[in-house]
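Given next are the chains, with one letter for each unit.
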Amino acid sequence: MIVTLTNQKGGCGKSTTALNLALGTAALGYDTALIDADEQKSCVETLREFDKPRLTVYESGKGVDTLVREVEDTFQFVFIDTPPHSHHIMFKAMAVSDIIIIPLQASPLDIRSAKRTIEACEQVQKEVKRTIPCYFLLNRVNPRTNLSKEIGSYINELYSVPLLQARLHNRVAYAQSLMYGKSVIEYNRSSDAALEVRKLLKEVHLIMKKHNE
Ligand SMILES: Nc1ncnc2c1ncn2[C@@H]1O[C@H](COP(=O)(O)OP(=O)(O)OP(=O)(O)O)[C@@H](O)[C@H]1O
Ligand SMILES: [Mg+2]
């Protein structure tokens, strides 16, 4: 099962989410790959000094689609982290995906700027002639506010892409845990961050299971 994290907007949480999903899935016992298609190599560098059982990290760049085809039979889950501003790589990653997740900050500016990514998503599906489920993931939501309803309707008015129920809040744990090569779950199992990533994992795994039926 191949999951791409993408958004042409920089800094919206693609790498943080890809790392937490890949580490979390591997920790559940699945053979997992994380493909870092960004030349900034955030994922590769973050995990370079850590040996994570059941998780293999690759770097790819432009050859992301070829790499996916080479390794997909070896792993139960493949997560792809894509770069900002590279339409070309985003397109190739989307084309080989079973599901696309677009992390997004809960602000009108970020929501508006997702338009290009959504258009690419629609174009890819036409080109590959299959439906690829595509979801927004709200990230860095302020834990002290409750904007969710308003933001949800704002997104619904602009796009037909659904919003995942799980959302990630703005928490120090996301940066702190990765210093130790850990997901927020491994770092502190009972933290609020761990709770929301577990919820996200569950939702993503469920979508994939349904999609496979
Ligand atoms: N939920 C969160 N809470 C707190 N900090 C976060 C959260 N998500 C991401 N960050 C921080 O925001 C910054 C950008 O996140 P990240 O690198 O994951 O985004 P990105 O979309 O991969 O960026 P780029 O487009 O440059 O690849 C990082 O410093 C990361 O630690
Ligand atoms: Mg990144």
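Our subject in this report is the structure included herewith. Source: prediction; values computed, not measured. (Residues numbered from 1 in each chain as written. Chains lettered and ligands numbered in written order. Predicted model: local features only at pLDDT ≥ 70, side-chain atom pairs only at ≥ 80, totals over all residues.)

Looking only at helices and strands, the chain features 10 helices and 6 strands. Its C-alpha radius of gyration of 16 Å places the chain within 12% of the 17 Å reference for a compact globule of 213 residues. Along the first, second and third principal axes, the C-alpha atoms of the chain reach 45 × 40 × 35 Å. The proportion of buried residues among the 213 residues of the chain is 41%. (Helix = DSSP H or I, 4+ residues; strand = E, 2+ residues; numbered from the N terminus. Rg over C-alpha atoms; globule rule 2.2 N^0.38 Å. Buried ≥ 20, exposed ≤ 12 C-beta atoms within 10 Å, placed from the backbone.)

Moving on, we come to helix 10 (residues 192–212). Between the first and last C-alpha of helix 10 there are 30 Å, a value that for 21 residues agrees with the 30 Å anticipated at 1.5 Å per step. Elements that come into contact with the buried residues of helix 10 comprise strand 1 (2–5), helix 1 (14–27), helix 8 (173–178) and helix 9 (184–187). (Expected span 1.5 Å × (residues − 1). Contact = placed C-beta atoms within 7 Å.)

Across the interface, helix 1 lies against helix 10 with an axial gap of 10 Å and an inter-helix angle of 75 degrees. As summarised for this structure, helix 1 and helix 10 are arranged roughly perpendicular, according to the angle between their axes. Of helix 10, the residues touching helix 1 (which contributes Asn20, Leu21, Gly24 and Thr25) are Val197, Leu201 and Val204. In terms of residue class, the contact of helix 1 with helix 10 is built from 4 nonpolar, 3 polar and no charged. (Axes fitted to C-alpha atoms, helices over the stretch in contact; angles between N-to-C directions. Parallel < 35°, antiparallel > 145°, perpendicular 65-115°, else oblique. Nonpolar A, V, L, I, M, F, W, Y, C, P; charged D, E, K, R; others polar.)

Core analysis: the largest hydrophobic core is formed by 58 residues, its most contacted members being Ala22, Leu34, Ile35, Val78, Phe79 and Ile80. Considering every element that reaches this core, the biggest residue donor is helix 1, with 6 residues. (Core = buried A, V, L, I, M, F, W, Y, C linked by C-beta atoms within 7 Å.)

What follows covers the sheet that holds strand 5 (residues 99–105). Spatially, 3-2-4-1-5-6 is the arrangement adopted by the 6 strands of the open sheet, whose pairing is parallel. Only two strands of the sheet have a single neighbouring strand rather than two, namely strand 3 (55–59) and strand 6 (134–139). When the angles between neighbouring strand axes are averaged without regard to direction, this sheet yields 20 degrees. One ladder, built from 5 bridges, connects strand 2 (residues 32–36) with strand 4 (residues 77–81); its direction is parallel. Note on strand 4: the bridge partner recorded for Leu34 is Phe79. Along the sheet, helix 3 (residues 64–71) contacts strand 1, strand 2, strand 3 and strand 4; its crossing angle with strand 2, the most-contacted strand, is approximately 165 degrees. (Pairing = 2+ DSSP bridges.)

The next point concerns the site of ligand 1. In the neighbourhood of ligand 1, 18 residues make up the surrounding shell, with Gly10, Lys14, Ser15, Thr16 and Pro84 lying closest. Residue assignment for the shell around ligand 1 shows that the elements contributing at least two residues are helix 1 and helix 8. With 3 residues, the single largest contributor to the shell around ligand 1 is helix 1. Residues belonging to the shell around ligand 1 are distributed by class as follows: 5 nonpolar, 9 polar and 4 charged. (Near = placed C-beta within 6 Å.)

Turning next to the environment of Ala120. Note on placement: Ala120 falls in helix 6 (residues 115–128). Along the chain, Ala120 and Lys199 lie 79 residues apart, while their C-alpha atoms are 28 Å from each other.

Time to look at the pairing of strand 6. For strand 6, the tally of buried residues reaches 5 of 6 residues, placing the bulk of the element in the interior. Sheet topology places strand 5 next to strand 6; 6 bridges connect them, and they run parallel. Bridge pairing links Ile102 to Phe136 in strand 6.

A few words on helix 1. End to end, helix 1 covers 20 Å across 14 residues, agreeing with the expected 20 Å (1.5 Å per residue, within 8%). A large share of helix 1 lies buried, amounting to 13 of its 14 residues.

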